[in-house]
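One-letter residues, chain by chain:
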Amino acid sequence: AFGDVTTPQGLKELNAFLADNSYISGYTPSKADLSVFDALGKAPSADNVNVARWYRHIASFEAAERAAWSGTPLPQLAGGKPTVAAAAKPAADDDDDVDLFGSDDEEDEEAERIKQERVAAYAAKKSKKPALIAKSSVLLDVKPWDDETDMKEMENNVRTIEMDGLLWGASKLVPVGYGINKLQIMCVIEDDKVSIDLLQEKIEEFEDFVQSVDIAAFNKI
Amino acid sequence: MGKEKIHINIVVIGHVDSGKSTTTGHLIYKCGGIDKRTIEKFEKEAQEMGKGSFKYAWVLDKLKAERERGITIDIALWKFETAKYYVTIIDAPGHRDFIKNMITGTSQADCAVLIVAAGTGEFEAGISKNGQTREHALLAFTLGVKQLIVGVNKMDSSEPPYSEARYEEIKKEVSSYIKKIGYNPAAVAFVPISGWHGDNMLEPSTNMPWFKGWKVERKEGNADGKTLIDALDAILPPARPTDKALRLPLQDVYKIGGIGTVPVGRVETGVLKPGTVVVFAPANITTEVKSVEMHHEALQEAVPGDNVGFNVKNVSVKELRRGYVAGDSKANPPKGAADFTAQVIVLNHPGQIANGYTPVLDCHTAHIACKFAEIKEKVDRRSGKTTEENPKFIKSGDAAIVNLVPSKPLCVEAFQEFPPLGRFAVRDMRQTVAVGVIKAVNFKDASGGKVTKAAEKATKGKK
């Protein structure tokens with residue numbers, strides 16, 4: 001059992017609870033999961049590993065799938081708005097707390113219902129298609145220290161970096177001025193797997209060659 | 001050769017299923033963004049495979065496959081031409097790190113193009129509250145992209161196809177949606193299109209006779225037209241900030257044998273010329289610029305957008321570093337900031353942010369930890385009105401006015417004066433947890449810096 005998950009104590013208890021349980025109630029996702037999910041409002045800090053795992057799992061369901069879950073919501077927020085209402089129409093009201101773009105006006109319920117039906121129908125249609133892996137094309141500028149840096153060796157070093165979801169592409173040297181060239185190198189990355197920040201750090205670790213790394217272009221594929 | 005066209009940058013935002021890549025691809029394909037031989041090769045293949053009637057789809061698929069292999073650098077930068085402009089187009093990826101790139105990246109967009117799909121349910125799913133589209137649109141507006149075009153895409157797959165009622169329904173929804181972000185719908189062109197079939201892309205479509213064209217009202221002059229390309233041509237060109245004071249954030253500093261110290265960076269505002277006596281903030285080092293080069297060619301003048309190297313005398317590489325800002329010592333020179341006030345929007349911080357929080361800020365090329373010294377007030381993002389004084393903490397979704405104190409010398413500016421030096425990303429745990437725009441800077445007194453002999457001589461010589 002666990003208390004109000006918006007408190008650190010409640011979150012800790014939830015973490016302990018989820019160490020032995022896949023879901024809040026029973027062996028399938030239900031409205032109970034949704035109510036706790038909505039009460040949390042955002043992914044928990046990484047040290048609550050079990051909650052984090054469960055949160056990601058619940059977050060992976062589409063609104064339409066969530067709407068189809070059965071079960072009874074668990075009242076969670078002490079003093080807040082009743083979570084039961086949130087669970088009843090999840091996609092329409094998925095926690096005001098992290099909603100950057102909340103609307104001030106109450107939406108017309110009928111319009112909202114029609115919207116939900118359309119989304120659900122579309123989600124059902126879409127679920128039959130294979131999911132595409134989101135990828136980006138990134139063009140990096142890798143800058144040396146001076147005009148004597150061995151650019152070939154620099155490139156060889158950069159290309160030794162391997163990451164799951166990272167594919168190195170073409171490259172060329174681009175003149176900067178005063179005899180200095182920068183290495184411009186393409187890579188294709190899977191959005192969910194590769195952190196550009198981490199990649200830049202890894203390249204900058206070749207500190208004998210690399211002064212800095214900048215992004216010249218960043219596009220969806 | 002006529003007069004050279006103005007260069008503009010566009011960012012395309014929208015849900016992954018909105019067809020924005022197809023639309024982007026269509027523009028590039030039809031407007032000379034892909035070299036002729038490549039297109040001819042793919043079109044020939046399409047013929048041979050018996051896909052002649054799907055030629056366009058075939059070429060786009062081929063190009064996508066080529067992009068996935070990453071073997072052609074030229075197609076990493078997507079460019080095309082309209083009647084009026086050279087356009088660089090960014091197809092915004094869903095990648096989390098893209099947000100930081102929007103802030104510190106090389107090309108600030110002059111206009112955002114929002115693509116929504118007209119298909120039943122598709123539109124509704126695309127602009128749902130947890131969608132990235134809202135985040136991108138909000139960021140674009142916050143970061144100063146004040147022009148917007150909306151493409152209502154996939155009109156061919158509305159029910160019934162090319163339905164006026166559906167278009168009007170979506171236009172109404174999107175208008176209220178972008179109004180909440182801050183855009184004025186009356187100044188936004190709405191165009192019903194099919195990026196796939198080409199309706200209203202370059203030529204008015206015969207499938208939508210009910211569409212009488214788009215219209216925008218704005219104080220710089222109204223405009224109207226029929227197609228998406230017309231709408232792009234109606235974008236107000238960026239004011240080239242050459243008349244502003246010089247600001248050039250350093251990316252790198254090189255030591256070149258026989259030449260000396262060469263800082264490199266992009267001119268954001270103003271003009272840099274050989275002979276300019278520059279000051280490097282926040283270190284307050286003053287010296288003369290001997291020469292300026294771009295792509296190994298000497299320049300007599302570098303203007304905003306130019307990525308240049310310049311040679312300075314009597315300053316060693318050790319005295320300069322990335323994040324410093326060069327400016328003209330005689331015309332509103334840059335200075336270090338003691339502290340600054342910014343409007344911060346928390347995007348996805350896992351916890352609460354309270355006074356004392358000290359994350360790393362990425363602002364132009366600087367990367368420096370800054371303390372949230374005082375969270376002064378929570379504000380309504382749209383109206384800017386105070387909703388809570390001295391909040392104990394702020395969290396995801398909140399906007400707040402915050403006083404920040406850099407942990408090390410840092411040069412920033414008010415967004416109003418120098419936009420590229422006045423917006424920042426707040427980084428924590430390799431994530432962009434917040435973004436900010438600087439309202440005011442409390443500058444440090446610029447005293448006690450080094451003035452090189454070259455600078456003294458240059459200054460005297462001009463007296």
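Once a new chain begins, its residue numbering starts again from 1 and follows that chain's sequence as written. Chain A is the first chain written and ligand 1 is the first ligand written, with later ones labelled in order. In keeping with the predicted nature of the model, local features appear solely for residues at pLDDT of at least 70, side-chain atom pairs appear and are counted solely at 80 or more, and the whole-chain, interface and lining totals rest on all residues. Side-chain metrics in this entry use all non-hydrogen atoms of the structure; hydrogen atoms and water are not considered.

A. Spotlight on the interface of chain A and chain B. Contact criterion: two residues are considered in contact whenever any of their non-hydrogen atoms come within 4.5 Å of each other. On the chain B side, the residues contacting the 63 residues of chain A number 75 residues. Between chain A and chain B lies a buried interface of about 5800 Å² when both sides are counted; carbon and sulfur atoms form 53% of it. Within this document, salt bridges are pairs made up of a side-chain nitrogen of Lys or Arg and a carboxyl oxygen of Asp or Glu, the two lying within 4 Å of each other. Summed over the shared surface of chain A and chain B, the number is 9 salt bridges. Residue assignment for the side of chain A that touches chain B shows that the elements contributing at least two residues are helix H6 (109-126), strand E1 (135-143), strand E2 (166-177), strand E3 (180-190), helix H8 (196-204) and strand E4 (212-220) of chain A. Among the elements that make up the side of chain A that touches chain B, the one with the highest residue count is E4 of chain A (9 residues). Just so you know the grouping, Ala, Val, Leu, Ile, Met, Phe, Trp, Tyr, Cys and Pro go in nonpolar, Asp, Glu, Lys and Arg go in charged, and all remaining residues, Gly too, go in polar. Of the residues assigned to the side of chain A that touches chain B, the class counts are 28 nonpolar, 15 polar and 20 charged. Accessible surface is computed with a 1.4 Å probe, and the buried area is the amount of it that two parts give up when combined, taken over both parts together. Helix and strand definitions here come from DSSP, where helices need a minimum of 4 consecutive H or I residues and strands a minimum of 2 consecutive E residues; each element is numbered from the N-terminal end.

B. Here's a closer look at helix H3 (residues 49-59) of chain A. The classification of residues rests on relative accessible area computed with a 1.4 Å probe and restricted to protein chains. Under 20% of the type maximum is buried, over 50% is exposed, and intermediate values are partly exposed. Residues of H3 of chain A that are buried: Asn50, Val51, Ala52, Trp54, Tyr55 and Ile58 of chain A. In this structure, the buried residues of H3 of chain A make contact with helix H1 (8-20), helix H2 (31-40) and helix H4 (63-67) of chain A.

C. Structural view of the pattern of salt bridges. According to the stated counting rule, one finds 33 salt bridges over all chains in the structure shown. A salt bridge links Lys64 of chain B to Glu68 of chain B, with the nearest nitrogen and oxygen atoms 3.9 Å apart. With Lys64 of chain B and Glu68 of chain B both in helix H3 (residues 55-69) and 4 residues apart, the pair spans about one turn of that helix. Residue classification places Lys64 of chain B among the partly exposed positions, given a relative accessible area of 32%. Judged by relative accessible area, Glu68 of chain B falls into the partly exposed class, the value being 26%. Taking the shortest distance from any N to any O, the salt bridge between Glu169 of chain B and Arg166 of chain B comes out at 3.0 Å. One end of the pair, Glu169 of chain B, and the other, Arg166 of chain B, are both in helix H7 (residues 164-181), 3 residues apart, so they sit about a helical turn from each other. Look at the salt bridges and you will find they share partners, linking Arg118 of chain A together with Glu124, Arg166 and Glu169 of chain B into a network.

D. Local environment of the side chain of Thr142 of chain B. All names here are of chain B. Locating Thr142 in the fold gives a position in helix H6 (residues 132-142). There is a polar contact of 2.7 Å between the side chain of Thr142 and the backbone oxygen of Leu138. Discounting chain neighbours no more than four positions away, the residues touching Thr142 are Ile345, Phe415 and Val437. In protein, a polar contact requires one atom able to donate a hydrogen and another able to accept it; more generally it is a pair of N or O atoms within 3.5 Å, and residues adjacent in sequence count only if both atoms are side-chain atoms.

E. How the structure looks around helix H2 (residues 36-48) of chain B. Residues and elements named next belong to chain B. By this rule, a helix spans an expected 1.5 Å times one less than how many residues it contains. The end-to-end C-alpha distance of H2, which contains 13 residues, comes to 18 Å, matching closely the 18 Å that a straight helix rising 1.5 Å per residue would cover. When we look at burial in H2, the residues that qualify are Thr38, Ile39, Phe42 and Ala46. The buried residues of H2 occupy one face: seen down the axis, they fall within an arc of 95°. Opposite the buried face of H2, at more than 90 degrees from it, the exposed residues are Lys36, Arg37, Lys44, Gln47 and Glu48. Buried residues along H2 sit in contact with helix H1 (20-30) and H3. This arc is built from the directions going out from the helix axis to the C-beta atoms.

F. Main features of the environment of Lys193 of chain A. Residues and elements named next belong to chain A. Tracing the backbone shows Lys193 in the loop between E3 and H8. For the pair Lys193 and Ala67, spaced 126 residues apart in the sequence, the C-alpha separation amounts to 29 Å. The residues touching Lys193, leaving out its near neighbours within four places in the chain, are Asp164 and Gly165.

G. Expanded view of the packing of aromatic side chains. Within 6.5 Å between ring centres, the rings of Phe, Tyr and Trp (the latter by its six-membered ring) count as paired, and their orientation is classed by plane angle as stacked under 30 degrees, edge-to-face over 60, tilted in between. Applying the stated criterion across every chain yields a total of 11 aromatic pairs over all chains. On the numbers, 4.5 Å between centres and 25° between planes, the contact of Phe37 of chain A with Tyr55 of chain A is stacked. Taken as a pair, Phe37 of chain A in helix H2 and Tyr55 of chain A in helix H3 lie far apart in primary sequence, 18 residues in all. Through a chain of ring-to-ring contacts, the aromatic side chains of Phe37, Trp54 and Tyr55 of chain A assemble into a single cluster. In our convention, an over-ring charge means Lys NZ or Arg CZ found within 6 Å of a ring centre and within 35 degrees of that ring's normal. Looking at Lys5 of chain B, its charged tip hangs above the ring of Tyr86 of chain B, at a distance of 5.8 Å from the centre. In this structure, Lys244 of chain B is placed above the aromatic ring of Phe418 of chain B, and the distance from its NZ or CZ to the ring centre is 5.8 Å.

H. Here's a closer look at the packing of H1 of chain B against H3 of chain B. Residue and element names in this part refer to chain B. Between N-to-C directions, angles span 0 to 180 degrees; the directions come from axes that are lines fitted to C-alpha atoms, helices contributing only their stretch in contact. Two elements in contact, H1 and H3, have axes whose closest approach is 11 Å; the angle formed by their N-to-C orientations is 100°. When the axis of H1 is compared with that of H3, the two are roughly perpendicular. Residue-level contacts link Thr22, Gly25, His26 and Tyr29 of H1 to Lys55, Tyr56, Val59 and Leu60 of H3. A breakdown of the residues in the contact of H1 with H3 according to their chemical character gives 4 nonpolar, 3 polar and 1 charged. Oblique is the label for any angle not under 35 degrees, not over 145, and not in the 65 to 115 range, which are roughly parallel, roughly antiparallel and roughly perpendicular in turn.

I. Summary view of the pairing of strand E18 (residues 360-363) of chain B. Residues and elements named next belong to chain B. Pairing between strands is defined by DSSP: at least two bridges between the two strands are required. In this structure, E18 lies alongside strand E19 (residues 366-379), joined through 4 bridges in antiparallel fashion. If you follow Val360 over to E19, its bridge partner there is Ala369. Counting the residues in the hairpin turn of E18 and E19 gives 2 residues, including His364, whose phi is positive at 40°. One ladder, built from 4 bridges, connects E18 with strand E23 (residues 423-428); its direction is antiparallel. Looking at E23, one finds that Val360 is bridged to Arg427.

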